[in-house]
2 protein chains.
Amino acid sequence: MDINEFREFGKAAIDFVADYLENIRDRDVLPSVEPGYLHDMLPGKLQNEPEDWKTIMEDFKRCILPGLTHWQSPHFHAFYPSQTSYSSIVGETLAAGLGVVGFSWICSPVCTELEVIMMNWLGQLLNLPKTFLNCDEGNGGGIIQGSASESIFVAVLAAREQAVRRLRAEHPDLTESEIRGRLVAYTSDQSNSAVEKAGILGAIKMRLLPADETSILRGSTFIQAVEEDKANGLFPVICVATLGTTGTCAYDNLAEIGPYCNEHNIWLHIDAAYAGAALCLPEYAHIMKGAELADSLNFNLHKWMFVNFDCCAMWFKDAASVTQSFSVDRIYLQHQFQGHSKAPDYRHWQIQLGRRFRSLKVWITLRTMGAEQIRNLIRFHIQLANRFEEYVRTDDRFEVVCSTLALVCFRLKGDDAQSKQLLDNITKRKKIFMIPATYQGKFIIRFMICGIDPQMHDIEYAWDEVRSQADLLLGVDQNRNQLVKGEPKQYEKSSEIGKITESITGMMISSEKGQ
Amino acid sequence: MDINEFREFGKAAIDFVADYLENIRDRDVLPSVEPGYLHDMLPGKLQNEPEDWKTIMEDFKRCILPGLTHWQSPHFHAFYPSQTSYSSIVGETLAAGLGVVGFSWICSPVCTELEVIMMNWLGQLLNLPKTFLNCDEGNGGGIIQGSASESIFVAVLAAREQAVRRLRAEHPDLTESEIRGRLVAYTSDQSNSAVEKAGILGAIKMRLLPADETSILRGSTFIQAVEEDKANGLFPVICVATLGTTGTCAYDNLAEIGPYCNEHNIWLHIDAAYAGAALCLPEYAHIMKGAELADSLNFNLHKWMFVNFDCCAMWFKDAASVTQSFSVDRIYLQHQFQGHSKAPDYRHWQIQLGRRFRSLKVWITLRTMGAEQIRNLIRFHIQLANRFEEYVRTDDRFEVVCSTLALVCFRLKGDDAQSKQLLDNITKRKKIFMIPATYQGKFIIRFMICGIDPQMHDIEYAWDEVRSQADLLLGVDQNRNQLVKGEPKQYEKSSEIGKITESITGMMISSEKGQ
């Protein structure tokens, strides 16, 4: 492929992406393929001869598109969002074009320095305690990791190594492997599977403590577990608390957990993968209470801050605690600016040696949007979820189980079987995509605001689908089924809902203008 | 940013990348900035208002470009290559535009299935033993990891957990922590720092065994270490062998190491991050000797197979060995097609939960090039290195220390100080970028073929720079300095070199046509 073909192919790709995202609502959000579908469409081995980009682009449309689940569709309400933005896509393109690998300052100074600056911008945007920032006097610092899983794992490993060093000094009678064998970590049974996996991979016992009836890890549960373990000669190392659990977006009680961690030399990590974005809103500052006691925390820009996957911001209160554990140097990695405070060698803050230039898409996205639009969009997504919640509440066959930020958890009243069947029926129709969770022992359906540009009519579309499928399942009010046919349409307001609509119309319009 | 602005910005980015890569030789390969330069150019916090893409693009050129080390420049001869290609950049753009996260089949079937197929294509292109492929009858399988560091770490962790399970059954008298405390892993002192780090992070003693005088780990050294450790009650777990060490591209002796590993239940992982690409050439099949005995291996497409960073192919002979160790499931991750052989849940093969759609850029790049062009380009890069080696050999002030694939290691004869000074002077001039290593206790300079489209005149440019700087340093033959001034130019052939040039002109031309 020569440079002119690249210009053509690249621009065709941009146009494709624009067309795809602009018309994404026209597609079923879930694909209609069976496992193995692609094996029947592609040859078993690479051919010898080069192929023209137009042929490849045709095959892309024919073979690749049908196998997609459309995460950027506003009809996607599963998992958590992985919202991208137009500016972020361009940022990724530019980073791929520059093709640098930033494992040390000399490998591309801007790659390190822009990341330092972006982590400060983000820390301030999220109103984090200054002690976490690179720009503070202290030892704080931020880094972009790939994912929350990596950040959690890094925190567990850094805490483990720090604890082993301390415990070896405190317990000269024990061998290192005796110490390692007694290490124990804590999290709630509602934390992401990545936390449990970090325990397995880190060879450290990870206790999944029972969350309370609202899915929150409470201080008393945590403290009791630690005291038990200490009495049995174990060494507590780290508590991974969650701000926004995957199931129901519950917030562990940091104000109860944090002080005990600090007093007892237990590393506190906060996984705020999803909810972290809401910290940019002053009205959500209360969920941060106790976060100043943490040793590290992470939030995913690729969830709810409009930067495409992967991009996870992680801060340490004492960056030396990780670099001391992770640092391995060789002659071919040394350079004259090692140790400079504005040029940290980020490779010692992470698992991998190599590093992508992720801060570029962050910089481009943040500037394209500006702080106010980011705050407005996040508020708007919360309002969209509130609207869905109101719809559910207008229908007395349903109950809203819990609702936090842009997540609404609901179910059909009665036993689980009907809600399971409803979700199954909806999933098979592929018009919207939701996933289940459990709450207080009951099967619930999660409705999450996702996609690149969700609007109020998408909520109406989703509610039409849910309500009409409930009608079909429960055998009542068949006339309502008309509403789900055809394309997304303006919802006919009921009197209850009309009031809510009017109250947020101003916000809708201002948000729709933006990004 | 609305959809029309995206089209404009995206196409401007494509044009920028095309212009940048087309004219990349015009820039010094190393930047002229001091640590902290960017902190003085960018504001300390994000502004409130959105900014226009044109403003951002201007700032990109003003603030970002000067801070780059140009990895895609053919004047970059440091580390190992991280060659991208035009088609791969478009692939990354499309993947960013689709914005899917592929942690299970249902999250986008094509994301999983294309990866399965690409790993088979690649395995066949590299002539790997069939037992590693997904398409074989056995339990083999491939996955795309982010980097060699991750692959090595995954191998260490999987081997560790598998060993612990086996040893617990074999040694019911020992506690799990006693077993874990006795685990030991092996690699050579020439392996990448990522191997040592995998030992630290995996909490397993990693012995850095002395390589022989040609930087190769020999079977006798390895076997002696294992026998010693066994006699001391330790449990050998894994040997991480390297095909193409970072310092000098040495190949550990797999044929000596492998049979012992297989006989003694020691996992054999092969890190072929760089050299793996050469396996597509039949004339390099010999370096694979013994690789059929490995349990896992990795090579980086983002090094020498024209796919932009990050993209590391990893194969297992028995994929269950990793999934058994890494699998943690929750209700929100379950789906009806779990366990389908053509739709593996790749999240259980890796550290992270989230997954980018990396196979898309692989598919686009491989098809754009075709197998024959890939082989020709890799051969051509080896010839470019051979040319550089010949230049060095024509100058009796220098010695070629070793030379493998597209890496030439050389030095000034005599003590290390002069070679160090020469490299230092060259680095300060920023015309070409090379890094040092050590070999047989001596300081050496590594000259690596890198960049998006290296050509013979780039080798001449580099040699002019090296030779003229040696002239300046050693105070001889001052007239030669004229050669380095100005832009890259046709090298005036000496009689020795003329013959070599002629013999490979045919290959040069056919390769220049491609990609």
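Throughout this document, residue positions are counted from 1 along each chain, in the order its sequence is written. Chain letters start at A and ligand numbers start at 1, both assigned in the order the entries are written. Residue-level local features of this predicted model are given only where pLDDT is at least 70; pairs of side-chain atoms are given and counted only at 80 or more, and the full residue set underlies all totals for whole chains, interfaces and linings. Just so you know, side-chain values use all the structure's heavy atoms and leave hydrogens and water out.

UniProt, in the comment section headed Cofactor (unreviewed entry), describes chain A in these words: "pyridoxal 5'-phosphate". Under Sequence similarities (unreviewed entry), UniProt gives the following word-for-word description of chain A: "Belongs to the group II decarboxylase family." UniProt positions are given in the numbering used here, feature names are shortened, and annotations may be inferred rather than shown by experiment.

### Thoughts on unusual backbone geometry
Leaving glycine aside, a negative phi is the common case for residues, and trans is the common case for peptide bonds. Residue and element names in this part refer to chain A. In this structure, Asp310 follows Phe309 across a cis peptide bond, with omega equal to 5 degrees. Positionally, Asp310 belongs in the loop between helix 10 (301-304) and strand 7 (312-316). A positive phi angle, close to 55 degrees, is found at Ala203, a residue other than glycine. One can find Ala203 in the loop between helix 7 (193-201) and strand 3 (205-209). Numbering goes from the N terminus for both helices and strands, where a helix is a DSSP run of H or I of at least four residues and a strand is a run of E of at least two.

### Notes on the interface of chain A and chain B
Accessible area lost on assembly of the parts is the figure often given for the size of an interface. Residue contacts are defined here by distance: any two heavy atoms, one from each residue, within 4.5 Å place the two residues in contact. Chain A puts 145 residues into the contact, and the matching count from chain B is 145 residues. Two parts lose some accessible area (1.4 Å probe) when they are put together, and adding that loss for both gives the buried area. Buried surface at the junction of chain A and chain B, both sides included, amounts to about 13,000 Å², of which 68% is carbon and sulfur. By convention in these notes, a salt bridge is any Lys or Arg side-chain nitrogen within 4 Å of a carboxyl oxygen on Asp or Glu. Counting every contact that joins chain A to chain B gives 13 salt bridges. A salt bridge links Arg367(B) to Asp59(A); its shortest N-O distance comes to 2.7 Å. Nitrogen and oxygen atoms within 3.5 Å of one another constitute a polar contact, given that in protein one can donate a hydrogen and the other can accept it, and given that sequence-neighbouring residues count only through two side-chain atoms. Seen at the junction of chain A and chain B, the total is 55 residue pairs in polar contact (both at pLDDT 80 or more). By residue number, the principal contributor to the side of chain A that touches chain B is helix 1 (residues 3-22) of chain A, which donates 16 residues. Residue polarity follows a fixed list, in which Ala, Val, Leu, Ile, Met, Phe, Trp, Tyr, Cys and Pro are nonpolar, Asp, Glu, Lys and Arg are charged, and the others, Gly among them, are polar. Across the side of chain A that touches chain B, the residue classes break down as 77 nonpolar, 39 polar and 29 charged.

### Section: the relation of the copies chain A and chain B
A rotation about some axis, followed by a shift along it, carries one copy of the chain onto the other. To line up the copies, we fit them by least squares on C-alpha atoms, keeping just the residues with pLDDT of at least 70 in both. When chain A is fitted to chain B, the best match, at an RMSD of 0.0 Å, comes from turning it 180 degrees and sliding it 0.0 Å along the axis. In symmetry terms, the pair is related by a two-fold rotation axis. Taken as a fraction of all interface residues of chain A, those also at the interface in chain B reach 100%, which identifies the copy contact as same-surface.

### A closer look at the sheet that holds strand 2 (residues 183-188) of chain B
Residue and element names in this part refer to chain B. DSSP-based pairing: two strands are paired if at least 2 bridges between them are found. Across the sheet, which stays open at both edges, the 7 strands sit in the order 1-7-6-5-4-2-3 with mixed pairing between neighbours. If you trace the sheet from one side to the other, it starts and ends with strand 1 (141-145) and strand 3 (205-209), each paired once. Here the strands of the sheet are splayed against their neighbours by 20 degrees on average, with no regard to which way each runs. Where strand 1 and strand 7 (residues 312-316) come together, 5 bridges link them in antiparallel fashion. Note that in strand 7 the partner of Gly142 across the bridge is Trp315. Working convention: axes come from line fits to C-alpha atoms, limited for helices to the stretch in contact. Angles between N-to-C directions cover 0 to 180 degrees. On the sheet, helix 4 (residues 109-125) packs against strand 1, strand 6 (296-300) and strand 7 and is oriented at approximately 85 degrees with respect to strand 7.

### What to know about the packing of aromatic side chains
The pairing test for Phe, Tyr and Trp rings, Trp by its six-membered ring, is centres within 6.5 Å, and the orientation test on the planes gives stacked under 30 degrees, edge-to-face over 60, and tilted for anything in between. Throughout the structure, instances matching the rule amount to 49 aromatic pairs over all chains. An angle of 85 degrees between the planes, with centres 5.0 Å apart, marks the rings of Phe16(B) and Phe60(B) as edge-to-face. Linking Phe16(B) in helix 1 (residues 3-22) with Phe60(B) in helix 2 (residues 53-64), this pair joins segments that are 44 residues apart in sequence. Put simply, the rings of Phe388(A), Tyr391(A), Phe398(A), Phe410(A), Phe447(A) and Trp463(A) touch in pairs and so form one group of aromatic residues. Arg446(A) extends its terminal NZ or CZ atom over the ring of Tyr80(A), reaching a point 5.1 Å from the ring centre. Throughout this description, the term charge over a ring refers to an Arg CZ or Lys NZ atom that lies within 6 Å of the ring centre and within 35 degrees of the ring normal.

### Remarks on the nonpolar core
Note on terminology: a nonpolar core comprises buried Ala, Val, Leu, Ile, Met, Phe, Trp, Tyr and Cys residues joined through side-chain atoms within 4.5 Å. Three exposure classes are used, based on accessible area relative to the maximum for each residue type with a 1.4 Å probe and protein chains only: buried under 20%, partly exposed in between, and exposed over 50%. Met305(A) and Met305(B) are the most contacted members of the largest nonpolar core, which totals 312 residues. Excluding anything up to four places from it in sequence, Met305(A) contacts Leu122(A), Leu125(A), Leu126(A), Ala277(A), Cys280(A), Phe299(A), Asn300(A), Thr365(A), Ile374(A) and Ile378(A). Val164(A), Leu183(A), Val164(B) and Leu183(B) belong to the second-largest nonpolar core, a separate cluster that totals 72 residues.

### Some points on the UniProt feature "modified residue: N6-(pyridoxal phosphate)lysine" (unreviewed entry) in chain A
Residue and element names in this part refer to chain A. Mapped onto this numbering, the UniProt entry annotates "modified residue: N6-(pyridoxal phosphate)lysine" (unreviewed entry) at Lys303. Residue position: Lys303 is located in helix 10. Residue contacts for Lys303: discarding those within four places in its chain leaves Tyr80, Pro81, Ser82, Gln83, Ala273 and Tyr274.

### Some thoughts on the pattern of salt bridges
Scanning the model with the defined rule gives 71 salt bridges over all chains in all. Its salt-bridge partner being Lys428(B), residue Asp424(B) comes within 3.2 Å of it at the nearest N-O pair. Taken together, the residues Asp424(B) and Lys428(B), both in helix 13 (residues 416-429) and 4 residues apart, mark about one turn of the helix. On the basis of relative accessible area, Lys428(B) is assigned to the exposed category, the value being 58%. Shared partners join several salt bridges into a network, and the residues in it are Glu92(A), Asp310(A), Arg356(A), Arg358(A), Lys361(A), Glu92(B), Asp310(B), Arg356(B), Arg358(B) and Lys361(B).

### What about the packing of helix 1 of chain B against helix 2 of chain B?
All names here are of chain B. At a minimum axis distance of 11 Å, the contact between helix 1 and helix 2 shows a crossing angle of 20 degrees. If you check the angle between helix 1 and helix 2, you find them roughly parallel. Note on packing geometry: the crossing formed by helix 1 with helix 2 is right-handed. Contact with helix 1, carried on its side by Glu5, Glu8, Phe9, Ala12, Ala13 and Phe16, involves Trp53, Met57, Phe60 and Lys61 of helix 2 and no other residues of that element. Residues belonging to the contact of helix 1 with helix 2 are distributed by class as follows: 7 nonpolar, no polar and 3 charged. Every angle not falling under 35 degrees, over 145, or within 65 to 115 is termed oblique; those three ranges are roughly parallel, roughly antiparallel and roughly perpendicular. Crossings are sorted by hand: turned counterclockwise from the far helix by less than a right angle, the near helix makes the crossing left-handed, and turned clockwise it makes it right-handed.

### Comments concerning the sheet that holds strand 11 (residues 442-448) of chain A
All names here are of chain A. Strand order in the open sheet formed by 4 strands is 8-9-11-10, with antiparallel pairing between adjacent strands. On the outer flanks of this sheet lie strand 8 (398-404) and strand 10 (435-439), each paired with one strand and no other. Averaged over all pairs of adjacent strands, the angle between strand axes in this sheet comes to 35 degrees, irrespective of strand direction. Bridge count for strand 10 against strand 11 is 5 bridges, and the pairing is antiparallel. Within strand 11, the position partnered with Ile435 by the bridge is Arg446.

### Things to note about helix 1 of chain A
If you check helix 1 of chain A, its first and last C-alpha atoms are 28 Å apart, about what 20 residues at 1.5 Å a residue would give, namely 28 Å. Burial in helix 1 of chain A covers these residues: Ile3(A), Phe6(A), Arg7(A), Phe9(A), Gly10(A), Ala13(A), Ile14(A), Phe16(A), Val17(A), Ala18(A), Tyr20(A) and Leu21(A). Against the buried residues of helix 1 of chain A lie helix 2 (53-64) and helix 3 (86-98) of chain A together with helix 1, helix 3 (86-98) and helix 12 (359-393) of chain B. By the N-cap criterion, in which a side-chain oxygen at the helix start approaches the backbone nitrogen of a residue two or three places on, helix 1 of chain A is capped by Asp2(A), the distance to Asn4(A) being 3.0 Å. Any helix carries an expected span of 1.5 Å times its number of residues minus one.

### Here's the deal with the environment of Thr368(B)
Within the secondary structure, Thr368(B) is located in helix 12. For Thr368(B), a relative accessible area of 3% corresponds to the buried category. As a C-alpha pair, Thr368(B) and Arg25(B) span 343 residues in sequence and 24 Å in three-dimensional space. Sequence-distant contacts of Thr368(B), defined by excluding residues within four places in its chain, comprise Met1(A), Pro50(A), Glu51(A), Ile56(A) and Ser87(B). Among the polar contacts made by the side chain of Thr368(B), one reaches the main-chain carbonyl oxygen of Ile364(B) at a distance of 2.6 Å.

### Things to note about a negative patch on the surface
Among the surface-exposed residues, Asp173(A), Glu178(A), Asp173(B) and Glu178(B) lie close enough to one another that they form a single negatively charged patch. We classify Asp173(B) as exposed; its relative accessible area is 61%. Each patch is built from salt-bridge-free residues with over 30% relative accessible area, joining like charges within 9 Å and nonpolar side chains (Val, Leu, Ile, Met, Phe, Trp, Tyr) within 5 Å. A 1.4 Å probe and the Shrake-Rupley method give the accessible areas. Residues count as covered only by the protein chains that appear here. In this charge count, Lys and Arg are treated as positive and Asp and Glu as negative; neither His nor the chain ends contribute. Note that the charge is assigned to NZ on lysines, CZ on arginines, CG on aspartates and CD on glutamates.

### Side note on the packing of helix 12 (residues 359-393) of chain A against helix 2 of chain B
At a minimum axis distance of 11 Å, the contact between helix 12 of chain A and helix 2 of chain B shows a crossing angle of 145 degrees. Remark: the crossing between helix 12 of chain A and helix 2 of chain B carries right-handed chirality. Across the interface between the two elements, Leu360(A), Trp363(A), Ile364(A), Arg367(A) and Thr368(A) from helix 12 of chain A touch Thr55(B), Ile56(B), Asp59(B), Phe60(B) and Ile64(B) from helix 2 of chain B. Considered class by class, the residues forming the contact of helix 12 of chain A with helix 2 of chain B number 6 nonpolar, 2 polar and 2 charged.

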